[in-house]
Amino acid sequence: MLSSREKFLRRQQRSRAKLRKTAEGKARLSVARSGKNISAQIIDDEQGVTLASASTLEADVRKGLKSTSTIEAAAKVGKAVAERAKKAGIEDVVFDRGGYVFHG
């Protein structure tokens with residue numbers, strides 16, 4: 001019997017394998033969330049480098065937020081990572097849901 005962590009890792013691997021087939025050279029947007037913080041990064045899997053990232057742990061993103069785990073915080077992280085991606089010349093990304101279910 002697999003543990004819940006092992007099941008999560010299998011879902012994550014299966015999701016990323018499908019992304020590699022359909023990404024067509026696009027960068028991957030990976031979002032990590034915890035009970036207290038949210039972070040997002042755009043990753044180029046061909047070169048194995050992070051091209052842009054943002055997190056509620058950063059002072060400029062955290063400024064003006066009541067809590068770092070709300071929808072407003074997620075929106076602010078999204079805007080920050082989008083601005084940094086534009087500066088890096090990235091227009092299209094593929095969303096990597098990892099082992100989580102996508103809820104829209």
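Residues numbered from 1 in each chain as written. Predicted model: local features only at pLDDT ≥ 70, side-chain atom pairs only at ≥ 80, totals over all residues. Heavy atoms only, no water.

In this structure, what is going on with the pattern of salt bridges? I would like to understand it.
One side chain can pair with another of opposite charge once the charged atoms of both are near each other. Across all of its chains, the model carries six salt bridges by this definition. Residues D96 and R28 are paired through a salt bridge, measuring 2.7 Å at the closest nitrogen-oxygen approach. Of this pair, D96 sits in strand 4 (residues 93–96) while R28 sits in strand 1 (residues 27–33); the two residues are 68 residues apart in sequence, bridging distant segments of the chain. For D96, a relative accessible area of 2% corresponds to the buried category. The exposure class assigned to R28 is buried, which follows from its relative accessible area of 12%. In this structure, a network of salt bridges that share partners links the residues R16, R28, D45 and D96. (Salt bridge = Lys/Arg side-chain N within 4 Å of Asp/Glu carboxyl O. Helix = DSSP H or I, 4+ residues; strand = E, 2+ residues; numbered from the N terminus. Buried < 20%, exposed > 50% of the residue type's maximum accessible area, 1.4 Å probe, protein only.)

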